[in-house]
Amino acid sequence: MDRWSKRTIDALAADLGAIAFYPFGGPPYRPFLAWARRAEGLRSPSPLGMLIHPQHGLWHAYRGAMALPYVPDGWEAPTAAPIPCNGCARPCLQTCPVRAFGADGYNAAACRRHLASPAGQACMEGGCLARRACPVAPHLSYAAAQTQFHMQAFRDAGAAATAGSAGT
Ligand code: B12
């Protein structure tokens, strides 16, 4: 996926006279979450840490970014998006079988251990249960093959090597 992203977005950037940046290849990492918030007018992350979008919910990720030396025709600054988590019962926080999302943030090691155990098969096959518990845009959740690709990449990558396709 990272090779595809680079090939596709490098070509697009060359056409547009832009500079391409990628979420992988670190550390250090480019601040994609901060950029995404500014680009899309998103005001706060979801309780899981990932950014939540009013229409796409948790089902969006970033393959690359482009810096343009000009303002494109028709571009308008984003308006502040509504925060979908306000008033939500937040089932995302109650659903993780190993309580990987706590007051101290996201416990990636506990998550990976669970995924590598027989009990983690539901997350491996159908995708992260906490992410799937989100009531926003469930119809946009990823297809099984796509989910399994990313879950396997996330589970199998070492802590330092997860910057790429795992981030979906
Ligand atoms: C390292 C990394 C991880 C690490 C650590 C993440 C963590 N939560 O600590 C590991 C491997 C554990 C991980 C896991 C996952 N990740 Co990850 N990860 C990254 C990566 C490569 C770098 C993050 C970083 O350090 N950036 C550098 C800092 C400086 O930039 P920044 O994040 O914009 O900085 C701002 C924010 O941190 C913000 N901020 C301040 N306080 C807080 C508090 C919270 C809770 C948040 C979210 C932000 C925030 O302020 C900073 C300054 O403006 C990014 C891609 C990227 N380049 O950003 C993906 C990325 C954040 N991951 C992503 C995803 C999807 C995942 C997983 C779901 C993957 C999976 N299992 O399938 C999991 C779960 C993440 C979770 N619940 O937090 C997506 C998020 C998409 C989205 N909708 O928001 C990204 C953007 C990758 C992508 N290609 O889209 N990830």
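Trainee: Quick one: what's the story with the packing of aromatic side chains, residue by residue and with numbers?
Mentor: Each pair of aromatic rings is reported with the distance of its centres and the angle of its planes. If you walk through the whole model with that rule in mind, you get five aromatic pairs. Consider the rings of W59 and Y142, whose centres lie 5.0 Å apart with planes at 75°: the pair is edge-to-face. Here Y142 lies in the loop between α6 (129–132) and α7 (144–156) and W59 lies in the loop between α2 (32–40) and β2 (65–67), a separation of 83 residues in the sequence. Each member of the pair, W59 as well as Y142, is classed as buried. Site record: aromatic cluster; members linked through ring pairs are F21, F32 and W35. Its end group placed over the ring of F154, R112 keeps NZ or CZ at 4.4 Å from the ring centre.

Trainee: Describe the environment of R90, naming the residues involved and giving the relevant values.
Mentor: Of note, R90 is situated in the loop between β2 and α3 (91–95). The contacts of R90, once residues within four sequence positions are left out, are P47 and C85.

Trainee: Lay out the site of the ligand with the relevant residues and their values.
Mentor: If you check the shell around the ligand, you find 26 residues, and the closest are A34, L48, G49, L51 and Y62. At 3.1 Å, a backbone N or O of P23 approaches a nitrogen atom of the ligand. Here H60 contributes a backbone N or O atom positioned 2.9 Å from a nitrogen atom of the ligand. Elements with a contribution of two residues or more to the shell around the ligand: α2 and α4 (108–115). In terms of residues, the shell around the ligand owes the most to one element, α2, which gives three residues.

Trainee: Now, about the environment of W4: what can you tell me, with residues and values included?
Mentor: Within the secondary structure layout, W4 lies in helix α1 (residues 2–16). Taking C-alpha positions, W4 is 9.3 Å from R63, a pair spaced 59 residues apart along the chain.

Trainee: Before we move on, could you go through α7 and cite the residues and values that matter?
Mentor: With 13 residues, α7 extends 18 Å between its outermost C-alpha atoms, agreeing within 8% with the 18 Å of an ideal straight helix rising 1.5 Å per residue. Within α7, burial applies to T147, H150, M151 and F154. In an axial view of α7, the angular spread of the buried residues amounts to 100°, which keeps them on one side of the axis. Facing away from the buried side of α7 by over 90 degrees, the exposed positions are A145 and D156. Here the buried face of α7 lies against β4 (105–106), α4 and α5 (121–126).

Trainee: Can you tell me about a nonpolar patch on the surface, naming the residues and giving the values?
Mentor: A grouping of L12, L16, M66, L68 and Y70 is seen on the molecular surface, where their side chains present a nonpolar patch of about 400 Å² in accessible area. Its location among the elements puts Y70 in the loop between β2 and α3. A residue is classified by how much of its surface remains accessible, and Y70, at 39% relative accessible area, is partly exposed.

Trainee: Describe the pattern of salt bridges, naming the residues involved and giving the relevant values.
Mentor: By the definition in use, this model includes two salt bridges. For R155, the salt bridge goes to D156, with nearest N and O atoms at 2.7 Å. Residue R155 is classed as partly exposed on the basis of its relative accessible area, which comes to 26%. Overall, D156 belongs to the exposed group, its relative accessible area being 53%.

Trainee: So, the packing of α4 against α7: which residues are in play, and what are the values?
Mentor: The interhelical angle for the contact between α4 and α7, taken along N-to-C directions, is 115°, at an axis separation of 9 Å. Accordingly, the angle class assigned to the pair α4 and α7 is roughly perpendicular. Between α4 and α7 lies a crossing of left-handed hand. Of α7, the residues touching α4 (which contributes C111, R112 and L115) are M151, F154 and R155.

Thresholds, definitions, all that
- Residues numbered from 1 in each chain as written.
- Predicted model: local features only at pLDDT ≥ 70, side-chain atom pairs only at ≥ 80, totals over all residues.
- Heavy atoms only, no water.
- Phe/Tyr/Trp six-rings, centres within 6.5 Å; stacked < 30°, edge-to-face > 60°.
- Helix = DSSP H or I, 4+ residues; strand = E, 2+ residues; numbered from the N terminus.
- Buried < 20%, exposed > 50% of the residue type's maximum accessible area, 1.4 Å probe, protein only.
- Lys NZ or Arg CZ within 6 Å of the ring centre and 35° of its normal.
- Contact = heavy atoms within 4.5 Å.
- Near = heavy atom within 4 Å.
- Polar contact = N/O pair within 3.5 Å; in protein donor to acceptor, adjacent residues only side chain to side chain.
- Expected span 1.5 Å × (residues − 1).
- Arc of directions from axis to C-beta.
- Patch = residues over 30% accessible without salt bridge, like charges linked within 9 Å, V, L, I, M, F, W, Y side chains within 5 Å.
- Areas by Shrake-Rupley, 256 points an atom, 1.4 Å probe, with all protein chains shown as cover.
- Salt bridge = Lys/Arg side-chain N within 4 Å of Asp/Glu carboxyl O.
- Axes fitted to C-alpha atoms, helices over the stretch in contact; angles between N-to-C directions.
- Parallel < 35°, antiparallel > 145°, perpendicular 65-115°, else oblique.
- Left-handed = near helix turned anticlockwise from the far one by under 90°.

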